[in-house]
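Here's the letter readout for the chains.
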Amino acid sequence: MSGHLVRIDGVSKRFGERVVLSAVAARFLSGESYVLTGDNGSGKSTLMRILAGLDPAESGTLEMDGRTADLASYPEWLRGEIVYVHQHPYLFDTSIAENIGFGLRARGMEAAERRRIVAEALEWAGLGHIARVRPSKLSGGEKQRVAMARAKVLHPRLFLLDEPTANLDRDGRHRVLDLIHDLGQGENCVVVACHDQELIQLPFMRQFRLDSGHLASVPRPGAKPVSADRTLA
Amino acid sequence: MDLIEPTLDAFRLLFTGDPKLWRIIWTSLYCSTVAIALIAPFAIALGFLIAKVHFPGRRALVITVQGLLSFPTVVVGLTLYMLLSRQGPLGFLRLLFTPEAMIIGYMVIAFPVLVVFTLSSVQGADPRVYETARSLGAHKLMAAWTTLREVRFGVMASIFNGFGRVVSEVGCSIMIGGNIAGLTRNIPTAIALETSKGEFAQGIALGFVLIALALGINAVLSFIQGEGGMT
């Protein structure tokens, strides 16, 4: 049974005079996967970046595990709970294995344990054969899988994936879709911003749409009932 | 002017281990290396901060540091001379005409080179580097270090450029080093002195060393960049 994981409320952001997000509110449940749709420039990436602490909100709160964070001044404790993967993930100029172990090292995990977890993650992402390869040698799909494995090893409560299937070929997209499905299986939750119709139509995906700064859930015939709040804006 | 004879003499001085010559080379390498090692952490950190943090007066600071790049080294020497001379505010330190004074001068000269090159490298870095590190839970210092690692070739170029600038510097060395044989005489000041005396062999030998250093630094930089997986 899905439980309440993350609740955001009153998230607002403007660039100059242009209101990008207007008091956005939503509730994300653990064990669920969400797709965030909207036209180009509708604020999908802005919302994801605010949730990841990469850009400050003008106002808004995020509640998780009974703790409330002000999204205008992102607290450090939240960084360990939410991991954001860019549309075109940046891989550090080192081996794939070291890329995947980066966050674990940041958390001070000892090398032997880190190696074990990285090996498992490489296997999970189907990247075991290129563990020592440099990122510059990888295809777009492989880079995306490395980034997802790098996020997965941290066991965040919330995965934020920005256009993870953009510019991937058919095979690469299917592999990434499989991994997205897998990421949403545990006690965590996945939010994917995208335009990819194949991803949007996946039966396990619940849909939100951003329009004119407002976020609304999108019911779909035959799909699971949407279990997140509608916009409060 | 016969160039062959003094050039042959120069090689003889170099390869027979002439102690006076090698003392001069040592003074140059020692003062330059220590100066760069001492100033690099501060200059690189400042270059990173200016590139990443927006604060009031940032633009003015950038313009000032860039302006310092073309600041005449002899004026740096003059300023330090006035500070370090007996009547100067720092005269009690008794540093004038010592290798330590030269190291201070070199630090001042290298500082803007390192700051500007680091600033430029970090500004050119992909912004996703810092963001990715932060999103993966790295604290600010680790994210900054990760960014510097990603632009390490630019940072190394700044260090080598700073070294190149001070190792071949004359004006400041003479002003605050005094060109004292066996103590503060370095490669550029020795070349100037020997040439003025008509002793070309030692000047040519030291010139070879400077050229070899410049080529060596560039070779090391190119090698490291090639090894860095820059494909």
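Residues numbered from 1 in each chain as written. Chains lettered and ligands numbered in written order. Predicted model: local features only at pLDDT ≥ 70, side-chain atom pairs only at ≥ 80, totals over all residues.

Visitor: Account for the overall build of chain B, naming residues and giving values.
Guide: Per the secondary structure count, chain B includes 11 helices and zero strands. Beginning at the N terminus, the succession of helices and strands in chain B can be written as α-α-α-α-α-α-α-α-α-α-α. Contacts spanning at least 24 positions in sequence make up 75% of the contacts within chain B whose residues lie at least 6 apart. (Helix = DSSP H or I, 4+ residues; strand = E, 2+ residues; numbered from the N terminus. Contact = placed C-beta atoms within 7 Å.)

Visitor: Which residues make up the overall build of chain A, and what values do they have?
Guide: When its secondary structure is counted, chain A shows eight helices and 10 strands. Relative to the compact-globule value of 17 Å for 233 residues, chain A shows a C-alpha radius of gyration of 17 Å, a close match. Overall size of chain A, expressed as C-alpha extent along the three principal axes, is 50 × 40 × 35 Å. Buried residues in chain A amount to 45% of all 233 residues. Taking the contacts inside chain A whose residues are at least 6 apart along the sequence as the reference set, 67% of them involve residues at least 24 apart. (Rg over C-alpha atoms; globule rule 2.2 N^0.38 Å. Buried ≥ 20, exposed ≤ 12 C-beta atoms within 10 Å, placed from the backbone.)

Visitor: Before we move on, could you go through the environment of Met109(A) and cite the residues and values that matter?
Guide: For Met109(A), the location among the structural elements is in the loop between helix H4 (102-106) and helix H5 (111-124). In this view, Met109(A) contacts Leu104(A) and Arg114(A); residues no more than four positions away in its chain are not counted.

Visitor: So, the sheet that holds strand S8 (residues 189-193) of chain A: which residues are in play, and what are the values?
Guide: All names here are of chain A. Pairing within the open sheet is mixed, and its six strands lie in the order S6-S7-S8-S3-S9-S10. The two strands at the open ends of the sheet, each matched to only one other strand, are strand S6 (82-85) and strand S10 (214-218). Here the strands of the sheet are splayed against their neighbours by 20° on average, with no regard to which way each runs. Relative to strand S9 (residues 205-211), strand S3 (residues 32-37) is paired through five bridges, and the arrangement is parallel. Directly across from Tyr34, in S9, lies its bridge partner Arg206. (Pairing = 2+ DSSP bridges. Axes fitted to C-alpha atoms, helices over the stretch in contact; angles between N-to-C directions.)

Visitor: Describe the confidence of the model for chain A, listing the residues and the values that go with them.
Guide: On average, residues of chain A carry a pLDDT of 89, and 92% of them reach 70 or more. Confidence drops under a pLDDT of 50 for residues 225-233 of chain A, and excluding neighbours within four residues, the segment shows 31 contacts in the predicted structure. (pLDDT = per-residue confidence, 0-100.)

Visitor: I'd like a description of unusual backbone geometry, backed by residues and values.
Guide: All names here are of chain A. One non-glycine residue, His155, lies in the positive phi region at around 50°. As for its position among the elements, His155 is in the loop between helix H6 (140-152) and strand S7 (158-162). A tally of 14 C-beta atoms within 10 Å means that His155 is categorised as partly exposed. In this structure, Ser212 takes a positive phi of about 50° despite not being glycine. Tracing the chain through its elements places Ser212 in the loop between S9 and S10.

Visitor: Any details on the packing of helix H2 (residues 19-52) of chain B against helix H8 (residues 152-167) of chain B? Residues and values, ideally.
Guide: Residues and elements named next belong to chain B. For the pair H2 and H8, the least separation of the axes is 9 Å and the interaxial angle reads 140°. Here H2 is positioned oblique relative to H8, judged by the angle of their axes. Like other packed secondary-structure pairs, H2 and H8 cross with a definite hand, here right-handed. Touching Ser28, Ser32, Ala35, Ile36, Ala40 and Ile44 of H2 are Val155, Ile159, Gly162, Phe163, Val166 and Val167, all from H8. (Parallel < 35°, antiparallel > 145°, perpendicular 65-115°, else oblique. Left-handed = near helix turned anticlockwise from the far one by under 90°.)

Visitor: So, the environment of Leu14(B): which residues are in play, and what are the values?
Guide: Residue and element names in this part refer to chain B. Tracing the backbone shows Leu14 in helix H1 (residues 4-15). The spacing of Leu14 and Val65 is 51 residues in sequence and 39 Å in space, taken between C-alpha atoms. Apart from residues no more than four positions distant in its own chain, Leu14 is found in contact with Leu21, Ala205 and Phe208.

Visitor: Please give an account of the pairing of strand S4 (residues 59-64) of chain A that cites residues and values.
Guide: Residues and elements named next belong to chain A. In terms of strand pairing, S4 meets strand S5 (residues 67-70) through four bridges, oriented antiparallel. Bridged to Glu63 within S5 is Thr68. With antiparallel pairing between neighbouring strands as the criterion, S4 and S5 make up a hairpin whose turn holds two residues, including Asp65 at a positive phi of roughly 55°.

Visitor: Explain the nonpolar core to me, and be specific about the residues and the numbers.
Guide: Judged by nonpolar contacts, the single largest core of 72 residues is most densely connected at Tyr34(A), Val83(A), Ile100(A), Leu160(A), Val190(A), Val191(A) and Val192(A). Core analysis: the next-biggest nonpolar cluster, separate from the first, contains 46 residues, Ala101(B), Ile104(B), Leu148(B) and Phe160(B) among them. (Core = buried A, V, L, I, M, F, W, Y, C linked by C-beta atoms within 7 Å.)

Visitor: Can you lay out the interface of chain A and chain B for me, pointing to particular residues and giving the numbers?
Guide: Across the boundary between the two partners, chain A contributes 18 residues, which contact 15 residues of chain B. Only S6 and H4 of chain A provide two or more residues apiece to the side of chain A that touches chain B. Among the elements that take part in the side of chain A that touches chain B, H4(A) stands out by supplying three residues, more than any other. Class assignment of the residues belonging to the side of chain A that touches chain B gives a composition of nine nonpolar, four polar and five charged. (Nonpolar A, V, L, I, M, F, W, Y, C, P; charged D, E, K, R; others polar.)

Visitor: Any details on H2(B)? Residues and values, ideally.
Guide: Think of an α-helix as 3.6 residues a turn; residues three or four steps apart then line up on the same face. For H2(B), built from 34 residues, the straight-helix expectation of 50 Å at 1.5 Å per residue is met to within 8% by its first-to-last C-alpha distance of 48 Å. Approximately 40° is the largest bend angle found in H2(B), and it occurs at Ala40(B), with the proline Pro41(B) only one to four residues beyond. (Expected span 1.5 Å × (residues − 1). Bend = angle between axes of the 7 residues up to and from the residue.)

Visitor: Explain helix H5 (residues 99-124) of chain B to me, using residue names and the numbers behind them.
Guide: Residues and elements named next belong to chain B. For H5, with 26 residues, the first-to-last C-alpha span of 37 Å sits near the 38 Å given by 1.5 Å per residue. Bending of H5 peaks at approximately 35° at the position of Ala110, with proline Pro112 no more than four residues after it. For H5, the tally of buried residues reaches 21 of 26 residues, placing the bulk of the element in the interior.

Visitor: Describe the packing of helix H3 (residues 58-69) of chain B against H5(B), with residues and values.
Guide: Residue and element names in this part refer to chain B. At their nearest, the axes of H3 and H5 sit 8 Å apart, and the two run at 125° to each other. In terms of axis orientation, H3 runs oblique to H5. Between H3 and H5 the crossing geometry is left-handed. Of the residues in H5, those touching H3 at Val65, Gln66, Leu68 and Leu69 are Pro112, Val113, Val115 and Val116. Class assignment for the residues of the contact of H3 with H5 results in seven nonpolar, one polar and no charged.

Visitor: For the pairing of S6(A), give the residues involved together with the corresponding values.
Guide: All names here are of chain A. Here S6 shows a buried face lined by Ile82 and Tyr84 and a second buried face lined by Val83 and Val85. Relative to S7, S6 is paired through four bridges, and the arrangement is parallel. Bridged to Val83 within S7 is Phe159.

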